[in-house]
Amino acid sequence: MTAIPTTFRAYVAEKLDTPDGAGRVERGVREFQAADLPPGEIEVRVGWSSVNYKDGLATRADGKVARISPIIPGIDLAGKVVASSDPGIPVGASVVAHGYDLGVARHGGFSEYQRVPAGWVVPLTDGLTERDAMAIGTAGFTAAMSVVALEERGLKPGDGPVLVTGASGGVGGTALAILADLGYEVWAATGKPDEADRLRGLGAAGILTRDEVTAAGKPLESERWAGAVDAVGAATLPYVLRTLRTGAAVAASGNASGPKLDTTVFPFILRGVALLGMDSAQLAIDRRRAIWDRLATDLRPRSLGEHVTEVELETLDAALDAILAGEARGRWVVKVGG
Ligand SMILES: NC(=O)c1ccc[n+]([C@@H]2O[C@H](COP(=O)([O-])OP(=O)(O)OC[C@H]3O[C@@H](n4cnc5c(N)ncnc54)[C@H](OP(=O)(O)O)[C@@H]3O)[C@@H](O)[C@H]2O)c1
């Protein structure tokens, strides 16, 4: 039994061969056949999706993200269940799905309809609308996961300043907002000086320039940060590691500036610093649902819904290009069915 119409609209990226072997990606809105969707216990009428860095990469020939072609990108989605063979997830329920293979190795959220395994689905609780959930999206979920990891390592408000890098972006901005709302003294590192006022509005106690957090330095510098959230990677993680306080940790999730890590072992062996790797895509569903419950309650950013740019399937191209160019200022949500 399917409740998905025979054809519907989806944003599709398809890798095509070129004479130089590099390939190119053709992308845009197409009529998509329901018969070409993968199997799954839950059928969703997608209301909203969002734009994440990985989605940008999924539409580039050299992005190394898309493992099928053509692909409907979109690593997250929120919508209403229209058919279900899982009694725990009834028709009419509002749900979120993100991560695992979504938008990477199987079709994702930039689509009017999607079919997903029941074990990937998070029922939305009352505290969040479908649009709220995608204003958070994978980036915001990863921010929450990072905060939870730091808490589990023992970090508490009052322990000292916590640094968030790439603060104008999706992971960074949400981490900043969550930490500030929880009562932490949060410092924001950004490459966009004109974002300083907005970041202070989200709760930043102080701002660091990108130069301060990307400059070369000694293997160990003055102990400054009680914790850190980093989604920028190559450019900033070395600075974070050499300035963390003894016993402190950084939750590292991203490579917006590149994947290489140029550091020494000294922060680890002389200060007991911890590098906590965040992989939101593979997080087990129970942990995932528990973090979404917290996102609807104590981790819900007060600023949720602000600093959100709305696009539609037809206007996705510019947002995908902008996120890859490091031009994020908050989050982009994709209104699919609304
Ligand atoms: N591991 C996971 O589970 C997971 C989940 C979500 C995202 N991620 C990864 O996390 C990263 C961020 O994702 P996002 O959605 O937050 O992206 P985003 O919205 O584009 O934010 C990234 C931010 O990084 C900063 N930045 C970009 N290029 C930089 C450079 N060359 N040097 C220094 N800073 C730079 C910019 O902030 P400023 O201008 O303010 O400095 C930018 O806004 C990506 O690599 C993404 O793939 C991983």
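For the structure, see preceding data.
Rules of the game
Residues numbered from 1 in each chain as written. Predicted model: local features only at pLDDT ≥ 70, side-chain atom pairs only at ≥ 80, totals over all residues. Heavy atoms only, no water. Salt bridge = Lys/Arg side-chain N within 4 Å of Asp/Glu carboxyl O. Helix = DSSP H or I, 4+ residues; strand = E, 2+ residues; numbered from the N terminus. Buried < 20%, exposed > 50% of the residue type's maximum accessible area, 1.4 Å probe, protein only. Near = heavy atom within 4 Å. Polar contact = N/O pair within 3.5 Å; in protein donor to acceptor, adjacent residues only side chain to side chain. Areas by Shrake-Rupley, 256 points an atom, 1.4 Å probe, with all protein chains shown as cover. Nonpolar A, V, L, I, M, F, W, Y, C, P; charged D, E, K, R; others polar. Core = buried A, V, L, I, M, F, W, Y, C linked by side-chain atoms within 4.5 Å. Contact = heavy atoms within 4.5 Å. Axes fitted to C-alpha atoms, helices over the stretch in contact; angles between N-to-C directions. Parallel < 35°, antiparallel > 145°, perpendicular 65-115°, else oblique. Pairing = 2+ DSSP bridges.

Caption draft 1: Inspection of the pattern of salt bridges at higher detail. Taken as a whole and assessed by the stated rule, the structure comprises 22 salt bridges. Here Arg9 makes a salt bridge to Glu314, at a shortest N to O gap of 2.4 Å. With Arg9 in strand β1 (residues 7-16) and Glu314 in the loop between β14 (308-312) and α9 (316-324), this pair connects stretches of sequence that are 305 residues apart. Residue classification places Arg9 among the partly exposed residues on the basis of a relative accessible area of 25%. On the accessibility criterion, Glu314 (46% relative accessible area) is partly exposed. The salt bridge involving Arg271 is made with Glu223; its shortest N-O contact spans 3.6 Å. Taken together, the residues Arg271 in helix α7 (residues 266-271) and Glu223 in the loop between α5 (210-214) and β11 (225-230) connect sequence positions 48 residues apart.

Caption draft 2: Expanded view of the site of the ligand. Surveying the vicinity of the ligand reveals 26 residues, the closest of which are Ser168, Val171, Thr190, Met278 and Ser280. Ser168 has a polar side-chain atom sitting 2.7 Å from an oxygen atom of the ligand. In the environment of the ligand, an oxygen atom lies 2.7 Å from a nitrogen or oxygen atom belonging to the backbone of Ser280. Taken by itself the ligand offers 920 Å² of open surface, and the protein chains cover 88% of this. Mapped onto the shell around the ligand, the elements with two or more residues apiece are α2 (130-152) and α3 (170-181). Considering only residue class, the shell around the ligand consists of 11 nonpolar, 12 polar and three charged.

Caption draft 3: Up close: the nonpolar core. Residues Trp292, Leu295 and Leu316 are the most contacted members of the largest nonpolar core, which totals 92 residues. Counting residues per element, this core draws most heavily on α2, which supplies 13 residues. Excluding residues that lie within four positions of it along the chain, Leu316 makes contacts with Tyr11, Val51, Phe110, Val311 and Val334. In this structure, Ala228, Leu241, Ala248 and Ala252 belong to the second largest nonpolar core, which totals 15 residues.

Caption draft 4: Summary view of the packing of α2 against helix α8 (residues 285-295). One can describe the packing of α2 onto α8 by two numbers: an axis separation of 10 Å at closest approach and a directional angle of 100°. By the criterion of interaxial angle, the relationship of α2 to α8 is roughly perpendicular. Contacts from Ala133, Ile136, Gly137, Phe141, Ala144, Met145, Val148, Glu151 and Glu152 of α2 reach α8 at Arg287, Arg288, Ile291, Trp292, Arg294 and Leu295. Here the contact of α2 with α8 is composed, by residue class, of nine nonpolar, one polar and five charged.

Caption draft 5: Examining the pairing of strand β4 (residues 76-84) more closely. Note that strand β3 (residues 42-51) and β4 share seven bridges and pair antiparallel. Note that in β4 the partner of Trp48 across the bridge is Ala78. By the bridge criterion, five bridges tie β4 to strand β5 (residues 94-98) in an arrangement that is antiparallel. Counted as the bridge partner of Ala78 is Val96 from β5.

Caption draft 6: A look at unusual backbone geometry. At the junction of Ser69 and Pro70, the peptide bond is cis and its omega measures out at -5° in the coordinates. Within the fold, Pro70 resides in the loop between α1 (53-58) and β4. Notably, His307 is not glycine yet its phi reads approximately 55°, a positive angle.

Caption draft 7: Quick peek at the sheet that holds strand β13 (residues 274-277). Taken together, the six strands give an open sheet; going across it, the order is β10-β9-β8-β11-β12-β13, and neighbouring strands pair in parallel fashion. Bordering the open sheet on either side are β10 (206-209) and β13, each of which pairs with just one other strand. Between one strand axis and the next, the sheet turns through 20° on average, direction left out of account. Bridge analysis of strand β8 (residues 162-164) against β11 gives three bridges, and the strand direction is parallel.

Caption draft 8: Representation of the pairing of β13 within the structure. Side chains of β13 alternate between two faces, with Ala274 and Leu276 buried and Leu275 and Gly277 left unburied. Note: strand β12 (residues 244-252) against β13, four bridges, orientation parallel. Pairing of Ala249 across the sheet is with Ala274, part of β13.

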